[in-house]
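# Chains, contacts and geometry: an overview
These are the residues of each chain, in order.
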Amino acid sequence: MCARRMLYSLLAGLAATGAGRAAEISLPTGGTLKAVDFERHIMGLLSKVGCNLGSCHGSFQGKGGFRLSLFGYEPALDYANLTRDTGGRRINTQRPDHSLLLLKATGQVAHEGGMRFGKDGWVYNVFREWIRSGAKWHRGRGEIRSLTVTPADFAMLSDSKSLQLTVTATFADGSREDITPFCDFKIADEAVAEVSPLGLITPRQPGDTGLTVLYRGSVKAIRVLVPMPPRADPYPKIPEANFIDTEVFAKLKLMNVIPSELSTDEMFLRRLYIDTIAQLPPPEVIRDFVADKDPKKREKMIDRLLAHPLHAALWATKFSDITGNNTDALENPAPTRAKRSQMWHDWLRKRFADNVPYDHIVRDILTATSLDDKTPEEWIEFVKKVDNQAAQGFTTDYPHKKTLDLFWRRQQQVPIEQWGEKVAAAFLGVRLECAQCHKHPTDRWTQEEYWAFANVFAQVTFAPNQFSSPAVKKLADAENAARREKAPQGNNNQILLVRELFVSDRARPRPNPATNITPLPRTLGGDVITVRPGEDARVKLAAWLTAPSNPFFAKAFVNRVWGHYFGVGIVNPIDDFSLANPPTNERLLNALANDFIQSGYNIRQLERTILLSRTYQLSYVPNETNRFDKNNFSHAAIRPLMAEQVVDVLNAALGVNERFTGPEEAPVGTKMVEVGASRLNSSVAYALRIFGRPPRTTACDCERAMEPALPQTLFRMTDNTVLAKFTDRNGRVAQLAASTLTPEQLAEEIFLATLSRFPTPDEKTEAVKHLKQTANRTAAITDLMWALVNTREFILNH
């Protein structure tokens, strides 16, 4: 045994002496890597090639049991798994070329990851020399303080020439070094440009995309711009309406892209109606607007529609998605859930109608309690009144309540970490889910920060028979006893009981599962929130979140509003602000956010600024320079309608009202955007589902599906509920059939009612011909309207 130990010691010593003989390695981007620097860079290189060595960046457990941390964020764990796991067979310091690490990566030993690098290449040589020198690594070695990418903000690729990125690391000891070959490079749109494993960017076609650089858990992103070829003529002078146009057009000029012409009056009016109130402009409004010679007519129409009651309803619908107004998750009894969803929607609608500052709205959601500032007696009376109103009709006094306690009131207990995810996504535009079990792979958030933020919500209490004080409990118990007394026998599950949402001094924080230590509550990536007895941690969170200095709050909201009006965000997806997802126009995003803050978070002023811009009012018809543009707003995007817009636009075209029955029963004339429930029992439920209305079960904006699908086309063509709208005796077809309009007048009226424009001469000729040749006037009108309703022009927003 002693002899064997001596032999091992001798071999280890020989391997260690090899460190002095290790050759310098030539790097493919220039320069050399000295033996003394192997230890500093080996974990970065392992992270770069690790996914195909047996471990995937998307999971902890790799192939064959090989485990590597996500993007090398935990180098100590990676080192242990590489050198000690499976008896250390992955590393052979006596015979480096026989190390499984090298044999598998070069394809000499078969494995699922495949060949990752060639034998005797620079990567192979670095690993081999590191192994030969003893495979050493010490905690903290190679830890970096920051990354710098050159070029810094965007890479401009012109004349079909490639561009080499340079990534410089500032290490914890203050030294700086070019680490380009050790980094991972990811490009968002390979149709615009491609990037090599060594950071060489090559243009493919004009466009704009994001590029992400990753190194051992650090993330840096830039934009890659491929401009259009230079023009023979000078770039034209484009009129600007406000600062939005200044920023948008400045980038377009940089890209040699000319924006489209201004939209026609019909095009603008249709787009504005759909975007602001989810309706189509009536034919008479279109005629008057086109004929109006007032140079301020667009500005006046914008102001008129922003003040329309349905505008607030539209935003209440969107914010019901954002805040998670999931009917199925609300408290029992089940038959009352649709009414509670309606109260939630109506509370939001009143705030948008009153143009309440956005920071106030969010504060009154985040800090909500059931009592607000009421006495127990006042609260019980308010609950009784609202419950009675909900049982009797469509509207209640709930919108007059100061805070939205329904946001927190769910039948099933919601884990505090889910509250953290919901709040971050809804009001900061940040997706935290990936940080629950490990450091976020493409953002700054750590697992410790995730659980510290979750613990802010540990005081929130909503449970049966739990109340904030003996006085509240006494009154609630008495009211519940009275309700049980009045209820039919044997129907206890259907009794609507009084329950309270409140903040408890007995908080239930959660430990970080990685350390089993419970972190103190913190703002996201910020300071500890200290809470004394009787204080609500959410109040301090709301103060931090809505402060002008918050780096996400204002930007996240202006980006949501921009995304609504343009179909794509400046940051897209709109709820994915992250280091790896840079804005397409950072100057524009900053300008909008600063203006929003300076206005006192005035939502209507923000919308008005956007709608008045020439950028919003551009035509959807592209020109030769902007036909490939997808994210620089050089022309209006042709985009699908929200499911609620589909229902309301179709009804507006056909001159009918939707009928809402069952738990979501609503007065005749109610529009789809006025209905709060996420689950409907009416016939409209199928249309909402196939056009992508979300069930509101997650904190991700991606839950709303906006992609076209075959069932949507078949629905408009053949669905019985749609066909019934054509034959409705009070609908537009019946009214036009009974009118005295000539075929020429009918053709214009039908085009205006459906496509919101006058027909072209050829279209009018064909329409009039059909109307004259068909013996049955009603059938002829139905045919024409059915044909137009089934066009892409009708079902898309443009």
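Conventions used here
- Residues numbered from 1 in each chain as written.
- Predicted model: local features only at pLDDT ≥ 70, side-chain atom pairs only at ≥ 80, totals over all residues.
- Heavy atoms only, no water.
- Helix = DSSP H or I, 4+ residues; strand = E, 2+ residues; numbered from the N terminus.
- Contact = heavy atoms within 4.5 Å.
- Areas by Shrake-Rupley, 256 points an atom, 1.4 Å probe, with all protein chains shown as cover.
- Lys, Arg positive; Asp, Glu negative; His and termini not counted.
- Charge placed at Lys NZ, Arg CZ, Asp CG, Glu CD.
- Pairing = 2+ DSSP bridges.
- Axes fitted to C-alpha atoms, helices over the stretch in contact; angles between N-to-C directions.
- Left-handed = near helix turned anticlockwise from the far one by under 90°.
- Nonpolar A, V, L, I, M, F, W, Y, C, P; charged D, E, K, R; others polar.
- Disulfide = S-S within 2.5 Å.
- Core = buried A, V, L, I, M, F, W, Y, C linked by side-chain atoms within 4.5 Å.
- Buried < 20%, exposed > 50% of the residue type's maximum accessible area, 1.4 Å probe, protein only.
- Expected span 1.5 Å × (residues − 1).
- Polar contact = N/O pair within 3.5 Å; in protein donor to acceptor, adjacent residues only side chain to side chain.
- Domains from an automatic or database assignment.
- Buried area = accessible area lost by both parts, 1.4 Å probe.
- Salt bridge = Lys/Arg side-chain N within 4 Å of Asp/Glu carboxyl O.

## Observations regarding the overall build of the protein chain
Along its length, the protein chain carries 29 helices and 16 strands. Dimensions of the protein chain, computed from the C-alpha atoms along their principal axes, are close to 110 × 80 × 50 Å. Looking at the protein chain alone, contacts between residues at least 24 apart form 68% of all its contacts between residues at least 6 apart. Total accessible area on the protein chain stands at roughly 34,800 Å², and carbon and sulfur atoms take up 53% of it. Charge centroids of the protein chain, computed over 99 positive and 90 negative side chains, lie 4 Å from each other.

## Some thoughts on the sheet that holds strand S9 (residues 193-195)
Spatially, S5-S10-S9 is the arrangement adopted by the three strands of the open sheet, whose pairing is antiparallel. Either end of the sheet is taken by a strand with one partner, and the two such strands are strand S5 (163-164) and S9. Inspection of the sheet shows S9 paired to strand S10 (residues 200-203) by three bridges, in the antiparallel sense. Directly across from Glu194, in S10, lies its bridge partner Thr202.

## Re the packing of helix H9 (residues 297-306) against helix H20 (residues 603-612)
Each pair of packed helices can be described by the angle between their axes along with the distance between the axes. One can describe the packing of H9 onto H20 by two numbers: an axis separation of 10 Å at closest approach and a directional angle of 145°. Like other packed secondary-structure pairs, H9 and H20 cross with a definite hand, here right-handed. Together, Glu299, Ile302, Asp303 and Leu306 of H9 and Arg604, Glu607, Arg608, Leu611 and Leu612 of H20 make up the contact between the two elements. Tallied by class, the residues present in the contact of H9 with H20 amount to four nonpolar, no polar and five charged.

## With respect to the state of the cysteines
In protein structure, a disulfide is the covalent linkage between the sulfur atoms of two cysteines. Counted by the stated rule, this structure contains one disulfide. There is a disulfide in this structure between Cys700 and Cys702, and the S-S distance comes to 2.2 Å. Around the S-S axis, the bridge from Cys700 to Cys702 shows a dihedral of about 135° and counts as right-handed. Between Cys434, a free cysteine, and Cys437, which holds the nearest cysteine sulfur, the sulfur-to-sulfur gap is 9.3 Å.

## Considering the nonpolar core
One recurring pattern in soluble globular proteins is that nonpolar side chains are buried together. Counting residues in each nonpolar core, the largest one holds 108 residues, and the members touching the most others are Tyr358 and Trp562. A per-element tally of this core places helix H18 (residues 553-566) first, with nine residues. Excluding its chain neighbours within four sequence positions, the residues that come into contact with Tyr358 are Phe319, Ala426, Phe427, Phe553, Phe557, Phe596, Tyr601 and Ile603.

## Comments concerning helix H6 (residues 243-254)
Between its first and last C-alpha, H6 extends 17 Å over twelve residues, near the 16 Å set by a 1.5 Å rise per residue. Among the residues making up H6, those that are buried are Ile244, Asp245, Glu247, Val248, Phe249, Lys251 and Leu252. Packing partners of the buried residues in H6 comprise strand S11 (207-215), strand S12 (218-226), H18, helix H19 (586-598) and H20. Where H6 begins, the side chain of Asn242 points an oxygen toward the backbone nitrogen of Ile244, at a separation of 3.1 Å.

## Observations regarding the domain arrangement of the protein chain
By the assigned domains, the protein chain splits into domain 1 (2-132), domain 2 (144-226), domain 3 (320-545) and domain 4 (727-797). Taking both sides of the interface into account, the surface hidden between domain 1 and domain 2 amounts to around 1,600 Å²; carbon and sulfur atoms contribute 58%. Applying the counting criterion to the domain 1 and domain 2 interface returns two salt bridges. Between Arg40 and Glu177 there is a salt bridge, and its shortest N-O distance comes to 2.9 Å.

## Focus: helix H14 (residues 416-428)
The end-to-end C-alpha distance of H14, which contains 13 residues, comes to 17 Å, matching closely the 18 Å that a straight helix rising 1.5 Å per residue would cover. Of all 13 residues in H14, twelve are buried; the element is thus mostly enclosed. Those residues of H14 that fall on the buried side of the exposure criterion are Ile416, Glu417, Trp419, Gly420, Glu421, Lys422, Val423, Ala424, Ala425, Ala426, Phe427 and Leu428. Lining the buried residues of H14 we find helix H10 (309-323), helix H12 (358-366), helix H15 (447-454), helix H17 (537-545) and H18. Of the residues flanking the end of H14, it is Gly429, one or two places downstream, whose phi is positive at about 70°.

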